[in-house]
Amino acid sequence: MRGVTLDTLAQALMSTAYDRDGQLPVVHPAISNRLSQSERSLLNSSEELLLSNNWIEKSSDGTCTLTELGRAEVERRRQTV
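Here is what the cut-offs are and how they apply
- Residues numbered from 1 in each chain as written.
- Predicted model: local features only at pLDDT ≥ 70, side-chain atom pairs only at ≥ 80, totals over all residues.
- Heavy atoms only, no water.
- Helix = DSSP H or I, 4+ residues; strand = E, 2+ residues; numbered from the N terminus.
- Expected span 1.5 Å × (residues − 1).
- Buried < 20%, exposed > 50% of the residue type's maximum accessible area, 1.4 Å probe, protein only.
- Arc of directions from axis to C-beta.
- Contact = heavy atoms within 4.5 Å.
- Axes fitted to C-alpha atoms, helices over the stretch in contact; angles between N-to-C directions.
- Parallel < 35°, antiparallel > 145°, perpendicular 65-115°, else oblique.
- Left-handed = near helix turned anticlockwise from the far one by under 90°.
- Nonpolar A, V, L, I, M, F, W, Y, C, P; charged D, E, K, R; others polar.
- Core = buried A, V, L, I, M, F, W, Y, C linked by side-chain atoms within 4.5 Å.
- 1 Å grid on protein atoms, 1.4 Å probe; cavity = no way out; pocket = protein on both sides within 12 Å on 5 of 7 lines; lining within 4 Å.
- Points joined across faces, edges and corners; volume = space filled by probe spheres on them.

J.: Can you tell me about helix α3 (residues 37-52), naming the residues and giving the values?
T.: Here α3 is 16 residues long and its end C-alpha atoms lie 22 Å apart, about the 22 Å a rise of 1.5 Å per residue gives. Taken together, the buried positions of α3 are occupied by E39, L42, L43, S46 and L50. In an axial view of α3, the angular spread of the buried residues amounts to 95°, which keeps them on one side of the axis. Opposite its buried face, α3 presents the exposed residues Q37, S38, E48 and S52, each directed more than 90 degrees away. Of the surrounding elements, those touching the buried residues of α3 are α1 (6-19) and β1 (56-58).

Right, here's the structure in full:
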């Protein structure tokens, strides 16, 4: 995941969620087990960034869903590209 920043990963997760009916993708354990410590840290930090900006919400079962703010942010960024 060289060259990936916290912001770009967070925005990619949001954009993917937008296309998946608001559901953020879940990293399969077989993939997450192969991630380096820095890659895991980047993934966790990007989720924290999304939560802190109120762009996603996490349910009690651990699934993450885009909020209205998150959907609006994805739409705004897609229009500026």
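Picking up after the structure, the text goes on.
J.: So what about the packing of α1 against α3? Which residues, and what values?
T.: Each packed pair of helices is defined by two parameters, the angle between the axes and the distance between the axes. Here α1 crosses α3 at 70°, and the two axes come no closer than 9 Å. Here α1 lies roughly perpendicular to α3, going by the angle between them. Every pair of crossing elements has a handedness; the one defined by α1 and α3 is right-handed. Residues L6, D7, L9, A10, L13 and M14 of α1 lie in contact with α3, whose contacting residues are L42, L43, S45, S46, L49 and L50. Considered class by class, the residues forming the contact of α1 with α3 number 9 nonpolar, 2 polar and 1 charged.

J.: Which residues make up the nonpolar core, and what are the values?
T.: L13, M14, L24, L50 and I56 are the most contacted members of the largest nonpolar core, which totals 15 residues. Of all the secondary-structure elements, those providing two or more residues to this core are α1, α3 and β2 (64-66). Counting residues per element, this core draws most heavily on α1, which supplies 5 residues. Contacts of M14, omitting those with residues within four sequence positions, involve L50, W55, L66, G70, E73 and V74.

J.: Tell me about the packing of α1 against helix α4 (residues 68-80), and please be specific about residues and values.
T.: Two elements in contact, α1 and α4, have axes whose closest approach is 10 Å; the angle formed by their N-to-C orientations is 105°. Regarding the angle of α1 to α4, the classification is roughly perpendicular. Across the interface between the two elements, D7, Q11, M14, S15, Y18 and D19 of α1 pack against G70, R71, E73, V74, E75, R77 and R78 of α4.

J.: Break down the layout of surface pockets for me, citing the residues and quoting the values.
T.: The volume enclosed by the largest pocket comes to roughly 300 Å³. As for the largest pocket, its lining consists of 15 residues, of which P25, V26, V27, L43 and E47 are closest to the centre. When residues of the lining of the largest pocket are assigned to their parent elements, the largest contribution, 4 residues, is made by α3. Within the lining of the largest pocket, the residues separate by chemical class into 8 nonpolar, 4 polar and 3 charged.

Take it as geometry only, folks, not as evidence of what the structure does.
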